[in-house]
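Residues per chain are reported as follows:
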Amino acid sequence: MNAQAPDARSVRGPVLDVILILAVVVALRLPAFGLSVIDWDESIYALVARSILEGLWPFQGVFDHKPAALYELFALAFWIGGDRPAVTHAVGLVAVAVTALGMYHILTRPFGLARRGAVTLTLCYVVAIGGLGGLASNTEVIVNAYAVIWTAAALAGVRRGYVAPVVTGFAMAAAFHTNYLTGVLMVGFAVGFLAYSLMRAEAGLAAALRRYTVFGTLALAAFLAGSALILAPIAIYADVGQYWQEQWAYLTRYAPSSASIGALLSGLEQTAIITLLGVLTVALLGLAMARGEAGRREAAPVVFGLCMLAAGMAAYVATWRFFPHYLIYAVLFGMLTLGSAVAMVRPTRDAAALVLVAVAAVSLHVGAGAVYTYGRVAVNAVLMAHGKPPVRDPARVVAAAASPYFEADQRLYVLLAEPVLYQLLDGTPATRYAFYRHHAVPELTAVTGVDTGEEIDRIFSTPPAMVILGACDPAAGCEVRPEDYASVLEKLRSLGYDRVQTVLSGTRDETTIYVRPGS
């Protein structure tokens, strides 16, 4: 009995760690399930997914410019859990849970970090992404889940088996067809995994290089097979040529910001970058301490992590837009790099000091943003539990006001208001460009070839049962062309629409509801 006790403790400890990690993920993200939308990107993901479930593959129905696997994932989620905003948020929760568990596994197994350090760094990532826009089910959060799957599979399959490269390739395919910035991460992985394989080689560099080549060939074959499976429905039921034409047109016209770097970088991003520079410093110090063959082998995870961290930062600057959520890639690989460096250095008391320094650095500002974000959704959860309207959820306020005048499956047109209203009211979009920017922003109209005036005429050729119109204030940066907005108002007047209610008056979310006579 006594001989079995250590084994029982060794199993119980990781199980408790997993329970703690999952509990924190659920506790932080579950309160947001009552919100209609956290980030406007989620609305269009949901609308394209609804189109898929109606048999309209990308992009026969609602149009967007992201790759197909993203919408197929949301369509699968809606097929399982129903077409509602909570399921949209559940996609993000599952993605973060997978990422967190994958991080913990990588840190404790291949990298050899002590459990306490692995749990701390994992929770650091889970909390920090909330301050970088990661509470939403955005593509970066989803891609990171695929990234830890392919990383864990590759590191486990260095010496044996064919399952690991196949899993790696399929995970890369899913990630690439979710966000094309994954391509940058894949390059970083290829370089980092090569260095890792050579530094960990036991039977000579030539043998390690052969194994790497076989692994890479199998992974590439799996990537191509996965890509074919993802695109197969479009090739069968839609037009894959048009799909690629639109994808390429958008990628080649993705306009970088003309602002300076200093003007673009917010406090959140500055703090995250400073933190990642600290990670880089610790990692390089660790590498400097590596000596001899044993040191070379121990340093392999650090070199791998540095390559992935560099790729994460490259993905952040690749589009020259500097959105905070683009840093989520770098935060993931920054935490993995720090964990690998700490495991190699092995200071006293199992590296707790260095890990806590990392946590403190991230928490300085990114954590403050996360506290605000998580606090807001928690307050909303309490309000909604007591039957009161949530704070800063204008879509639900508008939907509540519009629902008495609207029946499910009627045609609906939403302009300058959250497109999640199509989902909340169960309305059929009157245009495949249901997200207003798709037929208002020049770079998108150039991709689709849409003439906005003609599109508005087409929408009102069969007048929608309801039109929901947000305010267009040029001084505040109205996000549609003023002439298009005026054209919609003229259509409403000439067709005799009834103005039934204006809600959120005097705020940036002021919205007016119009109903077609007799509808």
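Residues numbered from 1 in each chain as written. Predicted model: local features only at pLDDT ≥ 70, side-chain atom pairs only at ≥ 80, totals over all residues. Heavy atoms only, no water.

Chemist: What exactly am I supposed to notice about the overall build of the chain here?
Modeler: Looking only at helices and strands, one finds 20 helices and 5 strands in the chain. Looking at the 519 residues of the chain, the share that counts as buried comes to 53%. For the chain, contacts bridging at least 24 residues in sequence account for 74% of all contacts bridging at least 6. When the accessible surface of the chain is totalled, it reaches about 22100 Å², and 64% of it is carbon and sulfur. (Helix = DSSP H or I, 4+ residues; strand = E, 2+ residues; numbered from the N terminus. Buried < 20%, exposed > 50% of the residue type's maximum accessible area, 1.4 Å probe, protein only. Contact = heavy atoms within 4.5 Å. Areas by Shrake-Rupley, 256 points an atom, 1.4 Å probe, with all protein chains shown as cover.)

Chemist: Would you take a moment to explain the pairing of strand β5 (residues 511-515) for this structure?
Modeler: On any regular strand, side chains alternate: one points to one face of the sheet, the next to the other face. Of all the 5 residues making up β5, 5 are buried; the element is thus mostly covered by neighbouring parts of the structure. Judged by which residues are buried, β5 turns out to be covered on both faces: Thr-511, Ile-513 and Val-515 on one side and Thr-512 and Tyr-514 on the other are all buried. Bridge count for strand β3 (residues 466-470) against β5 is 5 bridges, and the pairing is antiparallel. Residue pairing for β5: Gly-470 is matched across the bridge by Thr-511. Where strand β4 (residues 498-503) meets β5, 5 bridges bridge the pair, whose relative direction is antiparallel. Bridged to Arg-499 within β5 is Tyr-514. (Pairing = 2+ DSSP bridges.)

Chemist: Which parts of the structure should I look at to understand the packing of helix α19 (residues 452-461) against helix α20 (residues 482-494)?
Modeler: A packed helix pair is summarised by two numbers, namely the angle formed by the two axes and the spacing between the axes. Where α19 meets α20, the axes come as close as 10 Å, and the angle between the chain directions of the two elements is 20 degrees. On the basis of the axis angle, α19 is roughly parallel to α20. As for the relative orientation of α19 and α20, their crossing is right-handed in sense. Contacts from Thr-452, Gly-453, Ile-456, Asp-457 and Phe-460 of α19 reach α20 at Asp-484, Ser-487, Val-488, Lys-491 and Leu-492. (Axes fitted to C-alpha atoms, helices over the stretch in contact; angles between N-to-C directions. Parallel < 35°, antiparallel > 145°, perpendicular 65-115°, else oblique. Left-handed = near helix turned anticlockwise from the far one by under 90°.)

Chemist: I would appreciate a short explanation of the pattern of salt bridges in the present structure.
Modeler: Where charged atoms of side chains with opposite charge meet at close range, the side chains can pair. Scanning the entire structure with this criterion turns up 9 salt bridges. Of the charged contacts in the structure, one is a salt bridge between Asp-83 and Arg-50, with a shortest N-O distance of 2.7 Å. Taken as a pair, Asp-83 in the loop between α3 (68-81) and α4 (85-108) and Arg-50 in helix α2 (residues 40-53) lie far apart in primary sequence, 33 residues in all. Sharing partners across several salt bridges, the network here consists of Arg-50, Asp-83 and Asp-426. (Salt bridge = Lys/Arg side-chain N within 4 Å of Asp/Glu carboxyl O.)

Chemist: What is the right way to look at helix α7 (residues 163-176) in this model?
Modeler: Residues three or four positions apart in an α-helix share a direction because the helix packs 3.6 residues into each turn. Relative to the 20 Å expected for 14 residues at 1.5 Å per residue, α7 spans 20 Å between its end C-alpha atoms, a close match to the ideal helical length. When α7 is considered as a whole, its buried residues turn out to be Ala-164, Pro-165, Thr-168, Gly-169, Ala-171, Met-172, Ala-173, Ala-174 and Ala-175. Contacts from the buried residues of α7 go to α3, α6 (139-156), α8 (182-199) and α9 (205-237). (Expected span 1.5 Å × (residues − 1).)

Chemist: Which parts of the structure should I look at to understand the sheet that holds β4?
Modeler: Strand pairing in a sheet is mediated by backbone hydrogen bonds. Such pairs are either parallel or antiparallel. The strand order across the open sheet built from 5 strands is β2-β1-β3-β5-β4, with neighbouring strands paired in mixed fashion. In this open sheet, the two strands that pair with only one neighbour each are β2 (428-429) and β4. Two elements, strand β1 (residues 411-415) and β3, share 4 bridges in a ladder whose sense is parallel. The residue of β3 that forms the bridge with Tyr-413 is Val-467. Along the sheet face, helix α16 (residues 394-402) touches β3, β4 and β5 and points at about 25 degrees away from the line of β5.

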